[in-house]
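Below, each chain spelled out in residue letters.
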Amino acid sequence: MNQNQLQILCEQLSIELFDKQFLHTVRFNNRLRTTGGRYLLRSHDIEINPKYYNEQGIEAVIDILKHELCHYHLHIEGRGYQHKDQDFKSLLKKVGGPRFCKPLSTSKKRKQLIKYIYECNVCKQTYKRKRRMDTVRYVCGRCRGKLSLKENANHS
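The protein goes by Protein SprT-like in an unreviewed UniProt entry, where it is assigned to Schinkia azotoformans MEV2011. Per UniProt, the protein has the following entry under Subcellular location (unreviewed entry): "Cytoplasm".

What follows is about helix H1 (residues 3-18). In this model, H1 (16 residues) spans 22 Å end to end at C-alpha, consistent with the 22 Å of a helix rising 1.5 Å per residue. Here H1 has its buried residues at Leu-6, Gln-7, Leu-9, Cys-10, Leu-13, Ser-14 and Phe-18. The arc that holds every buried residue of H1, seen down its axis, measures 165°, which confines them to one face. Turned more than 90 degrees off the buried face of H1, the exposed positions are Asn-4 and Glu-16. Against the buried residues of H1 lie strand S1 (26-28), strand S3 (46-48), helix H3 (58-77) and helix H4 (86-95). Following H1 by one or two positions, Asp-19 has its phi on the positive side, about 55°.

Sheet architecture is open: three strands sit in the order S5-S4-S6, paired in antiparallel fashion. With one partner strand each, in any of the chains shown, strand S5 (126-129) and strand S6 (147-152) form the two edges of the open sheet. Between one strand axis and the next, the sheet turns through 30° on average, direction left out of account. Pairing of strand S4 (residues 116-120) with S6, which is carried by five bridges, proceeds in the antiparallel orientation. Along S6, the bridge assignment pairs Tyr-116 with Asn-152.

Here we take up the packing of H3 against H4. Put simply, H3 and H4 touch, their axes get as near as 10 Å, and they point 135° apart. Viewed along their axes, H3 and H4 adopt a mutual orientation that is oblique. Both H3 and H4 take part in a crossing whose hand is right-handed. In contact with Lys-66, His-67, Cys-70, His-71 and Leu-74 of H3, H4 contributes Asp-87, Phe-88, Leu-91, Leu-92 and Val-95.

This brings us to the sheet that holds S3. Taken together, the three strands give an open sheet; going across it, the order is S1-S3-S2, and neighbouring strands pair in mixed fashion. With partners counted over all chains shown, the strands left at the sheet margins are S1 and strand S2 (37-39), one partner each. Here the strands of the sheet are splayed against their neighbours by 15° on average, with no regard to which way each runs. Direction of pairing for S1 relative to S3: parallel, over a ladder of three bridges. Counterpart to Phe-28 in the pairing with S3 is Ile-48.

Cut-offs applied
- Going along each chain's sequence as written, the residues are numbered from 1 onward.
- Reporting in this predicted model follows two pLDDT cut-offs: at least 70 for local features of residues, and 80 or more for side-chain atom pairs to be given and counted; totals over whole chains, interfaces and linings ignore these cut-offs and use all residues.
- Excluded from the side-chain calculations are hydrogens and water; all other atoms, namely the structure's heavy atoms, are used.
- UniProt positions are given in the numbering used here, feature names are shortened, and annotations may be inferred rather than shown by experiment.
- Secondary structure elements are defined from DSSP: runs of H or I of at least 4 residues count as helices, runs of E of at least 2 residues count as strands, and each element is numbered from the N terminus.
- Multiplying 1.5 Å by the helix residue count minus one yields the expected span of that helix.
- Any residue under 20% of the maximum accessible area for its type is buried, any over 50% is exposed, and the rest in between are partly exposed; the area is computed with a 1.4 Å probe on protein chains only.
- Read the arc as the range of directions from the helix axis to the C-beta atoms.
- Should any heavy atoms of two residues lie within 4.5 Å, those residues are counted as being in contact.
- At least two DSSP bridges between two strands are needed for those strands to be called paired.
- Lines fitted to C-alpha atoms define the axes, with helix axes restricted to the stretch in contact, and inter-axis angles between N-to-C directions lie between 0 and 180 degrees.
- When describing relative orientation, an angle under 35 degrees is termed roughly parallel and one over 145 degrees roughly antiparallel, while 65 to 115 degrees is termed roughly perpendicular and anything else oblique.
- Handedness of each helix crossing follows the sense of rotation of the near helix against the far helix: counterclockwise by less than a right angle gives left-handed, clockwise gives right-handed.

Shown next as structure tokens:
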């Protein structure tokens, strides 16, 4: 699917579902990482993440367009266009749009790197940390006992 086909699809969906014209631009944006699409308040344009089309097909793009068109039409009319607004929720339900898009299977989940594990010498409470702690300055939050480095993932 190219930009022109995406524009035509968006205009058709707008007429069919909302009985209103989409008078602005819809485009693919390769820089989108954490979202399926977004509505731009200042320019009234819509951007779509092309990874959703490549991985999940045209149906995913249609769902994203339904969602973004709800933002678009409500904002233009001066009604509640944000996710929290009742106008948005009811219009989204009326057109059958999803509240959130399905996650991409190719997206990389950020791992929490736990490098250090500290343990209280008194109550044996453990603390997992990314960064090294000064055990002289900090004590156990439960019993105020002395902490000691139990495990260092860098040197094991």
